[in-house]
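# What the coordinates show
Given next are the chains, with one letter for each unit.
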Amino acid sequence: MKEFRYVITDEQGIHARPAGIFVKEAVACSCNVTISKDGREADAKRILAVMGLGVKKGDEIVLKTDGEGEDEAIEKLSVFLKENL
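These lines cover the structure that appears in this document, whether it is placed above or below.

Conventions used here
Residues numbered from 1 in each chain as written. Predicted model: local features only at pLDDT ≥ 70, side-chain atom pairs only at ≥ 80, totals over all residues. Heavy atoms only, no water. Helix = DSSP H or I, 4+ residues; strand = E, 2+ residues; numbered from the N terminus. Rg over C-alpha atoms; globule rule 2.2 N^0.38 Å. Patch = residues over 30% accessible without salt bridge, like charges linked within 9 Å, V, L, I, M, F, W, Y side chains within 5 Å. Areas by Shrake-Rupley, 256 points an atom, 1.4 Å probe, with all protein chains shown as cover. Salt bridge = Lys/Arg side-chain N within 4 Å of Asp/Glu carboxyl O. Buried < 20%, exposed > 50% of the residue type's maximum accessible area, 1.4 Å probe, protein only. Core = buried A, V, L, I, M, F, W, Y, C linked by side-chain atoms within 4.5 Å. Contact = heavy atoms within 4.5 Å. Phe/Tyr/Trp six-rings, centres within 6.5 Å; stacked < 30°, edge-to-face > 60°.

Counting secondary structure elements, the protein chain contains 3 helices and 4 strands. Helices and strands in the protein chain line up, N terminus first, as β-α-β-β-α-β-α. Relative to the 2.2 N^0.38 estimate, which gives 12 Å for 85 residues, the radius of gyration of the protein chain is 11 Å and therefore close to what a compact globule would have. Viewed in the frame of its principal axes, the protein chain has a C-alpha envelope of about 35 × 20 × 20 Å.

What follows is the structure, encoded as structure tokens:
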């Protein structure tokens, strides 16, 4: 299992457009991908689950990948977060 912590810098937090793109990136990964905030965890391959976390600017999220291809997945998704959120 790989883990990446990130503090959201986007003024609107994780809103619909970047969340949709993030979910598409996560779905392309063969491993399990979860995202959590304040102890609540969601399947990062489901947009309603990601949006349901209500992530705002300044919130810390934890991204976890587990399974085949977890190294590549955590790298790809962490780069996406840094560049877009």
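This paragraph deals with a nonpolar patch on the surface. A surface patch of nonpolar side chains, about 280 Å² in accessible area, is lined by Ile-47, Leu-48 and Met-51. Here Ile-47 lies in helix H2 (residues 47-52). Looking at Ile-47, the relative accessible area reads 36%, which means it is partly exposed.

Our focus in this paragraph is the nonpolar core. Counting residues in each nonpolar core, the largest one holds 25 residues, and the members touching the most others are Ile-14, Val-33, Ile-35, Ile-61, Leu-63 and Leu-81. When residues of this core are traced back to their parent elements, those giving at least two are strand S1 (2-7), helix H1 (16-27), strand S2 (32-37), strand S4 (60-66) and helix H3 (70-84). Of all the elements, H3 adds the most residues to this core, at 5 residues. Dropping the residues within four chain positions of it, Leu-63 is found in contact with Lys-2, Glu-3, Phe-4, Phe-22, Val-33, Thr-34, Ile-35, Ile-74, Leu-77, Ser-78 and Leu-81.

Turning our attention to the packing of aromatic side chains. Enumeration according to the criterion identifies 2 aromatic pairs in this entry. Centroid distance Phe-4 to Tyr-6: 6.1 Å. Interplanar angle 15°. Geometry classified as stacked. Taking relative accessible area as the criterion, Phe-4 reaches 17% and is therefore assigned buried. The class of Tyr-6 is buried, set by a relative accessible area of 12%. Note on Phe-22 and Phe-80: the rings are 5.8 Å apart at their centroids and 40° apart in plane angle, and the pair reads as tilted. Within this pair, whereas Phe-22 is found in helix H1, its partner Phe-80 is found in helix H3, the two being separated by 58 residues in sequence. Overall, Phe-80 belongs to the buried group, its relative accessible area being 9%.

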